[in-house]
Amino acid sequence: MENGKVLEEEYNILGILDRHIVLEEPEILDEEEKEYLSAIIKPFKDRDIYITKRENCFDKYFLRISVDDMGTDFPYFEKDTMYKGMKLNKEYSLKDLGLED
């Protein structure tokens, strides 16, 4: 898979059957999202950065980017329109999102 991480596991079922299974884990961000966020965080790459998808009380979503524990909220977007691969309220590191060099 060109846009995924490959997880490899070996299974031994009852000591009779050995299988090598390759699971493909999809990327969390699409290429456009990666490009946008990479530009936003570029000046802060050497600092402690986490990105979280949040929901407000009006069913709108937004990203919070935290740099050294100081958070900035980004503009609202509609549900299932952007950042679909991110789970709500989970802190993602740059590595988690594929944004590390």
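See above for the structure.
The structure displayed is predicted, hence computed values, not measured ones.

Rules and cut-offs
Residues numbered from 1 in each chain as written. Predicted model: local features only at pLDDT ≥ 70, side-chain atom pairs only at ≥ 80, totals over all residues. Heavy atoms only, no water. Helix = DSSP H or I, 4+ residues; strand = E, 2+ residues; numbered from the N terminus. Buried < 20%, exposed > 50% of the residue type's maximum accessible area, 1.4 Å probe, protein only. Arc of directions from axis to C-beta. Contact = heavy atoms within 4.5 Å. Polar contact = N/O pair within 3.5 Å; in protein donor to acceptor, adjacent residues only side chain to side chain. Pairing = 2+ DSSP bridges. 1 Å grid on protein atoms, 1.4 Å probe; cavity = no way out; pocket = protein on both sides within 12 Å on 5 of 7 lines; lining within 4 Å. Points joined across faces, edges and corners; volume = space filled by probe spheres on them. Nonpolar A, V, L, I, M, F, W, Y, C, P; charged D, E, K, R; others polar. Core = buried A, V, L, I, M, F, W, Y, C linked by side-chain atoms within 4.5 Å.

J.: Any chance you could explain the environment of Asp80 here in plain terms?
T.: Locating Asp80 in the fold gives a position in the loop between β5 (70-73) and β6 (92-93). What makes Asp80 exposed here is its relative accessible area of 57%. In this structure the C-alpha to C-alpha distance between Asp80 and Tyr61, which are 19 residues apart in sequence, comes to 9.2 Å.

J.: Sorry, what's going on with helix α1 (residues 31-41) here?
T.: For α1, the full list of buried residues reads Glu33, Lys34, Leu37 and Ile41. Projected down its long axis, α1 carries its buried residues within an arc of 95 degrees, all on one side. Exposed side chains of α1 directed beyond 90 degrees from the buried face belong to Glu31, Glu32, Glu35 and Ala39. As for α1, its buried residues are in contact with β3 (49-55) and β4 (61-67). Among the residues of α1, the N-terminal cap falls to Asp30, whose side-chain oxygen and the backbone nitrogen of Glu32 are separated by 3.2 Å.

J.: What exactly am I supposed to notice about the pairing of β3 here?
T.: Look at any regular strand and the pattern is simple: side chains alternate between the two faces of the sheet. The sheet contact formed by β3 and β4 spans 7 bridges and is antiparallel. Within the sheet, the bridge partner assigned to Arg54 lies in β4 and is Phe62. Following β3, the chain reverses through 5 residues before pairing antiparallel with β4; Asp59 in that reversal takes a positive phi of roughly 60 degrees. With 2 bridges joining them, β3 and β6 adopt antiparallel strand pairing.

J.: How should the layout of surface pockets be read in this particular structure?
T.: Once rolled over the atoms, a probe with the size of a water molecule shows which space is left empty. Quantified by volume, the largest pocket comes out at close to 180 Å³. Lining the largest pocket are Glu27, Ile28, Leu29, Asp30, Glu32, Glu33, Tyr36, Thr81, Met82, Tyr83, Lys84 and Gly85. Of the residues that constitute the lining of the largest pocket, the class distribution is 5 nonpolar, 2 polar and 5 charged.

J.: Please explain the nonpolar core as it appears in this structure.
T.: Note that soluble globular proteins tend to have their nonpolar side chains buried in a common cluster. In this structure, Leu29, Leu37, Ile51, Met86, Leu97 and Leu99 are the most contacted members of the largest nonpolar core, which totals 17 residues. Broken down by secondary-structure element, the contributors of at least two residues to this core are α1, β3 and β4. Ranked by residue count, the leading element in this core is β4, at 4 residues. Not counting residues up to four positions away in its chain, the partners in contact with Leu37 are Leu29, Ile51, Leu63, Ile65, Tyr83 and Leu99.

J.: Looking at this model, I keep getting lost on unusual backbone geometry. Mind explaining?
T.: Working note: non-glycine residues mostly have negative phi, and peptide bonds are mostly trans. Residue Asp59 is not a glycine yet carries a positive backbone phi of 60 degrees. Not every positive phi belongs to a glycine, and Tyr83 is a case in point at roughly 50 degrees. With respect to the helices and strands, Tyr83 occurs in the loop between β5 and β6.

Distances and angles like these do not, on their own, reveal function.
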